[in-house]
Amino acid sequence: MNVREHVPAVSGILSVAALALVFAAALQAIPPALLPRAPDAVLHAIPHVNALVSATAVGTIVVGWRAIRRGDVARHRAAMLATTVLFALFLVAYLYRVAILGPTEFTGPPLVESAVYPAVLGIHIVLAVVCVPLVIYVLLLAATHTVPELRETRHPRVGRVAAALWLISFTLGVVVYLMLYVLF
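Keep in mind that this is a model prediction, so the values were computed, not measured. (Residues numbered from 1 in each chain as written. Predicted model: local features only at pLDDT ≥ 70, side-chain atom pairs only at ≥ 80, totals over all residues. Heavy atoms only, no water.)

(A) Inspection of the side chain of R97 at higher detail. Assignment of secondary structure puts R97 in helix α3 (residues 73–101). With no salt bridge to any partner, buried R97 finds its closest opposite charge in D40, at an N-O distance of 9.2 Å. Once residues within four sequence positions are removed from consideration, R97 is found in contact with L43, H44, I46, P47, G102, T104 and Y181. (Helix = DSSP H or I, 4+ residues; strand = E, 2+ residues; numbered from the N terminus. Buried < 20%, exposed > 50% of the residue type's maximum accessible area, 1.4 Å probe, protein only. Lys, Arg positive; Asp, Glu negative; His and termini not counted. Salt bridge = Lys/Arg side-chain N within 4 Å of Asp/Glu carboxyl O. Contact = heavy atoms within 4.5 Å.)

(B) Summary view of the pattern of salt bridges. Inspection of the entire model under this criterion finds two salt bridges. Across the pair R4 and E149 runs a salt bridge whose closest N-O atoms are separated by 2.9 Å. Placement of R4 in the segment before α1 (7–26) and of E149 in helix α5 (residues 147–150) is noted, with a sequence separation of 145 residues between them. The partly exposed category is assigned to R4, whose relative accessible area is 36%. For D40, the salt bridge identified is with R37, shortest N-O distance 2.8 Å.

(C) Spatial organisation of the packing of aromatic side chains. Summed over the entire model, instances satisfying the criterion amount to seven aromatic pairs. Centre to centre, the rings of F90 and Y94 are 5.8 Å apart; their planes meet at 5°, and the pair counts as stacked. Placement of both F90 and Y94 in helix α3 is noted, with a separation of four residues, approximately one turn of the helix. Looking at F90, the relative accessible area reads 15%, which means it is buried. Each residue in the set F87, W166 and F170 is aromatic and connected to the rest through ring pairs, giving one cluster. (Phe/Tyr/Trp six-rings, centres within 6.5 Å; stacked < 30°, edge-to-face > 60°.)

(D) The arrangement of helix α4 (residues 110–144) in detail. The end-to-end C-alpha separation of α4 is 50 Å, in line with the 51 Å expected for 35 residues at 1.5 Å each. V116 marks where α4 bends most, by close to 35°; the proline P118 follows one to four residues later. (Expected span 1.5 Å × (residues − 1). Bend = angle between axes of the 7 residues up to and from the residue.)

(E) Geometry of a positive patch on the surface. Together, R69, R154, R157 and R160 give the surface a local cluster of positive charge. On the accessibility criterion, R160 (48% relative accessible area) is partly exposed. (Patch = residues over 30% accessible without salt bridge, like charges linked within 9 Å, V, L, I, M, F, W, Y side chains within 5 Å. Areas by Shrake-Rupley, 256 points an atom, 1.4 Å probe, with all protein chains shown as cover. Charge placed at Lys NZ, Arg CZ, Asp CG, Glu CD.)

(F) Just the environment of I125, in detail. Along the polypeptide, I125 turns up in helix α4. The sequence separation of I125 and L172 amounts to 47 residues, and the corresponding C-alpha distance is 9.1 Å.

(G) Inspection of unusual backbone geometry at higher detail. Its identity as a non-glycine residue notwithstanding, Q28 has a phi of 55°, on the positive side. Looking at where Q28 falls in the secondary structure, it is placed in the loop between α1 and α2 (40–69). With relative accessibility at 38%, the residue Q28 sits in the partly exposed group.

(H) Focus on the packing of α2 against helix α6 (residues 155–182). Remark: α2 packs on α6, axes separated minimally by 9 Å, with the N-to-C direction vectors making an angle of 155°. As summarised for this structure, α2 and α6 are arranged roughly antiparallel, according to the angle between their axes. Crossing of α2 over α6 shows left-handed handedness. Only R160, A163, A164, W166, L167, F170, T171, V174, Y177 and Y181 of α6 make contact with α2, whose side of the interface consists of P47, H48, A51, S54, A55, A57, V58, I61, V62 and W65. Looking at the contact of α2 with α6 residue by residue, the classes come out as 16 nonpolar, three polar and one charged. (Axes fitted to C-alpha atoms, helices over the stretch in contact; angles between N-to-C directions. Parallel < 35°, antiparallel > 145°, perpendicular 65-115°, else oblique. Left-handed = near helix turned anticlockwise from the far one by under 90°. Nonpolar A, V, L, I, M, F, W, Y, C, P; charged D, E, K, R; others polar.)

(I) Representation of α2 within the structure. The first and last C-alpha atoms of α2 sit 44 Å apart over 30 residues, in line with the 44 Å expected at 1.5 Å per residue. Residues of α2 that are buried include every one of L43, I46, P47, N50, A51, V53, S54, A57, T60, I61, G64 and A67, and no others. Structurally, α2 contributes buried residues whose contacts are with α3 and α6. Count one or two residues on from α2 and you reach G71, which has phi positive near 85°.

Below, the structure is given as structure tokens:
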């Protein structure tokens with residue numbers, strides 16, 4: 001199959017596969033016994049490392065966005081690929097931890113637990129899920145087209161939406177971390 005001619009279809013297939021894996025791990029449908037268990041210190045360090053990864057990803061998205069606005073395609077590409085790698089690192093670590101330990105319970109005040117935390121977490125999760133197909137789509141376009149050709153595709157338009165949603169999702173992920181591990 002020529003990926004270049006079927007970017008939307010390939011994006012859809014990859015998105016379904018990626019999201020199926022994400023939901024299987026997040027909903028603990030993968031038996032923990034199938035996964036090697038890291039030492040407790042590693043499992044407990046994952047949220048802190050992931051917060052740093054997320055904050056770094058916020059920075060790389062901003063750098064990539066600013067670079068393309070200035071016409072610096074090479075810097076844009078490097079920043080967005082770095083963001084993609086950071087996202088993959090975050091996701092693998094997060095899903096591994098959730099598959100082994102389950103989700104972290106919120107222990108803050110009842111008002112925050114009932115109103116603020118679910119809203120922040122919900123928006124973060126929805127945006128993260130929505131970003132998966134958008135990011136896969138723009139990455140496939142970038143991988144299969146030259147820079148001049150990309151201008152004639154949906155890459156610029158979809159990329160702006162993907163970057164904005166990704167930026168918000170990563171930022172809210174840091175807020176979720178702060179609510180779970182720092183503030184409460």
